[in-house]
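Here's the letter readout for the chains.
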Amino acid sequence: MSQPTPTHTAQRYQAPALDKGLDILEVLSQTPHGYTLSELSQALNRGVNEIFRMVSTLHQRGYIQINDSDRYILTLKLFELSHQQEPAKSLIKEALPLLAELAERSMQSCHLALYQNGRVIIVAQQDSPERWSFGLKMGALIGLTDTSSGHVLLAFADDVTRVRMLNHHIRIDGENQMDPGQLFDLLHTIRQQGYATMPSAQIDGVTNIAMPVLGLENKVVAAINVPHVSRIDGLRRPDAAQIARILSDISLRLSQRMGYSGPHCYTP
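Residues numbered from 1 in each chain as written. Predicted model: local features only at pLDDT ≥ 70, side-chain atom pairs only at ≥ 80, totals over all residues. Heavy atoms only, no water.

A.B. asks: Could you clarify how one ought to interpret the overall build of the chain in this entry?
C.D. replies: For the chain, the count of helices and strands is ten helices and eight strands. Overall, the C-alpha framework of the chain stretches about 65 × 55 × 35 Å when taken along its three principal axes. When each of the 268 residues of the chain is scored for burial, the buried share is 41%. Taking the contacts inside the chain whose residues are at least 6 apart along the sequence as the reference set, 56% of them involve residues at least 24 apart. (Helix = DSSP H or I, 4+ residues; strand = E, 2+ residues; numbered from the N terminus. Buried < 20%, exposed > 50% of the residue type's maximum accessible area, 1.4 Å probe, protein only. Contact = heavy atoms within 4.5 Å.)

A.B. asks: Please explain the pairing of strand 4 (residues 119-126) as it appears in this structure.
C.D. replies: A regular strand carries its side chains on alternate faces of the sheet. Among the eight residues in strand 4, six count as buried, and that is most of the element. As paired strands, strand 3 (residues 110-116) and strand 4 are joined by seven bridges and run antiparallel to one another. Opposite His111, over in strand 4, you have Gln125 as the bridge partner. Between the end of strand 3 and the start of strand 4, which pair antiparallel, lie two residues, with Asn117 showing a positive phi angle near 50°. Bridging between strand 4 and strand 5 (residues 141-142) involves two bridges; their strand directions are antiparallel. When the sheet's bridge partners are listed, Val120 is paired in strand 5 with Ile142. (Pairing = 2+ DSSP bridges.)

A.B. asks: Mind showing me how you'd approach the sheet that holds strand 4 here?
C.D. replies: Two strands in a sheet stick together by hydrogen bonds in their backbones, pointing the same way (parallel) or opposite ways (antiparallel). In space, the six strands of this open sheet follow the order 5-4-3-8-7-6, with antiparallel pairing throughout. Pairing within the sheet leaves two strands with one partner each, and these edge strands are strand 5 and strand 6 (196-199).

A.B. asks: Looking at this model, I keep getting lost on the side chain of Ser106. Mind explaining?
C.D. replies: Residue position: Ser106 is located in helix 6 (residues 88-106). Ser106 gets classed as buried once you look at its relative accessible area, which sits at 0%. A polar atom in the side chain of Ser106 sits 2.7 Å from the backbone oxygen of Leu102. Leaving out residues up to four positions away in the same chain, Ser106 has contacts with Pro238, Ile243 and Ile246. (Polar contact = N/O pair within 3.5 Å; in protein donor to acceptor, adjacent residues only side chain to side chain.)

A.B. asks: What is the right way to read the nonpolar core from this model?
C.D. replies: Side chains that are nonpolar tend, in soluble globular proteins, to be buried together. Within the largest apolar cluster, 29 residues are counted, with the highest numbers of intra-cluster contacts made by Leu91, Leu102, Leu112, Val213, Ile224 and Leu254. Put simply, the parts of the chain that give this core at least two residues each are helix 6, strand 3, strand 4, strand 7 (206-214), strand 8 (220-229) and helix 10 (240-257). Looking at this core, the element that brings in the most residues is helix 6, giving eight residues. Among residues more than four places away in sequence, those in contact with Ile224 are Leu99, Leu102, His111, Leu112, Ile209, Ala210, Met211, Val213, Leu247, Ile250, Ser251 and Leu254. (Core = buried A, V, L, I, M, F, W, Y, C linked by side-chain atoms within 4.5 Å.)

A.B. asks: Please explain helix 6 as it appears in this structure.
C.D. replies: Spacing of three or four residues puts side chains on the same side of an α-helix, whose turn is 3.6 residues. For helix 6, which comprises 19 residues, the first-to-last C-alpha distance of 25 Å matches the rise-based estimate of 27 Å (1.5 Å per residue) to within 8%. Residue Leu96 marks the point of greatest curvature in helix 6, where the axis turns by about 30°; the proline Pro97 follows within four residues. Ala88, Leu91, Ile92, Ala95, Leu98, Leu99, Leu102, Ala103 and Ser106 are the residues of helix 6 that are buried. Residues of helix 6 that are buried sit in contact with strand 3, strand 4, strand 7, strand 8 and helix 10. (Expected span 1.5 Å × (residues − 1). Bend = angle between axes of the 7 residues up to and from the residue.)

A.B. asks: It is not clear to me how the packing of helix 3 (residues 37-44) against helix 4 (residues 48-60) should be interpreted in this structure. Could you clarify?
C.D. replies: Angle between the axes and distance between the axes: these two values describe a pair of packed helices. Two numbers describe how helix 3 lies on helix 4: the axes approach to 10 Å, and their chain directions differ by 110°. With respect to each other, helix 3 and helix 4 are oriented roughly perpendicular. In the crossing of helix 3 with helix 4, the sense of the turn from one axis to the other is right-handed. Along the contact surface, helix 3 presents Leu37, Ser38, Leu40, Ser41 and Leu44, while helix 4 presents Val48, Ile51, Phe52 and Val55. (Axes fitted to C-alpha atoms, helices over the stretch in contact; angles between N-to-C directions. Parallel < 35°, antiparallel > 145°, perpendicular 65-115°, else oblique. Left-handed = near helix turned anticlockwise from the far one by under 90°.)

A.B. asks: How should unusual backbone geometry be read in this particular structure?
C.D. replies: It is generally the case that most residues other than glycine have a negative phi and that most peptide bonds are trans. In this model, Asn45 sits at a positive phi of 60°, which is unusual for a non-glycine residue. For Asn45, the location among the structural elements is in the loop between helix 3 and helix 4. Of the residues examined, Asn45 reaches a relative accessible area of 71% and is grouped as exposed.

A.B. asks: Help me out: how do you make sense of the environment of Met198 in this one?
C.D. replies: Mapped onto the fold, Met198 is located in strand 6. Put simply, Met198 and Pro227 are 29 residues apart on the chain and 9.7 Å apart in space, counted from C-alpha to C-alpha.

A.B. asks: Looking at this structure, I do not really get the pattern of salt bridges. What am I missing?
C.D. replies: Side chains that carry opposite charge are capable of pairing whenever their charged atoms lie near each other. One pass over the structure, following the stated rule, counts eleven salt bridges. One continuous salt-bridge network, built from bridges that share partners, spans Glu101, Arg105, Asp249 and Arg253. (Salt bridge = Lys/Arg side-chain N within 4 Å of Asp/Glu carboxyl O.)

A.B. asks: Is there a simple way to think about the pairing of strand 8 in this case?
C.D. replies: With nine of ten residues buried, strand 8 is to be regarded as a mostly interior element. Bridging between strand 3 and strand 8 involves three bridges; their strand directions are antiparallel. When the bridges of strand 8 are listed, His111 appears paired with Asn225. A loop of five residues connects strand 7 with strand 8, the two strands running antiparallel in sequence, and Glu217 in this loop sits at a positive phi of about 60°.

Dropping the structure here:
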């Protein structure tokens with residue numbers, strides 16, 4: 001008897017309701033502002049009656065919520081579920097006290113970013129101890145090709161992984177495109193100097209400083225970024241060069257906790 005092919009198996013074991021629910025989650029992940037039920041039905045090319053029960057179920061289970069504008073938006077439940085497993089869970093657990101130390105020593109906010117399914121996501125964040133701070137929300141999606149965190153994740157990935165990351169890249173709203181040649185030249189420079197630094201492509205007055213977190217077999221597992229905001233009053237605070245040295249110490253210690261045994265990429 002012949003064995004069923006993957007195509008035959010997929011056709012035999014289809015789950016239309018599950019497909020519908022996943023379609024809803026994927027479409028909502030593409031918009032920062034959410035959709036009304038009518039807009040969601042149009043985006044899915046399905047009737048309102050066809051998706052109403054599924055939307056209600058996802059709402060009841062906490063995967064989506066309704067904002068003040070009566071629009072459905074994603075919650076962080078999927079984010080939370082994905083980070084209850086190793087190795088992300090252990091990475092975040094080890095990173096949190098080090099991020100707190102980094103913020104205290106640099107007097108700046110900082111965050112930890114991972115690459116997941118075509119995007120870069122903020123999985124941990126620490127506010128500056130100053131009266132004011134600039135930082136990204138935990139769970140926020142940021143660009144792969146126009147941020148220091150994204151550049152570090154690409155630069156320290158091996159060639160095969162880097163190509164796969166770029167092939168699966170899903171642009172977020174506002175993400176700036178970069179000429180491939182310029183991007184690869186930039187990634188080479190970052191790998192040579194051991195870290196990335198650049199003015200923010202989104203916010204004036206912010207200079208991002210990012211370094212890799214390495215793990216077993218020298219594989220990059222995350223990026224730590226400090227969005228440096230300079231003070232213009234007389235209060236002395238660590239400058240960008242001093243922050244790079246502090247960040248080098250923190251990222252090496254976190255890398256060692258994740259199984260890395262080599263020297264740091266950046267030695268001040």
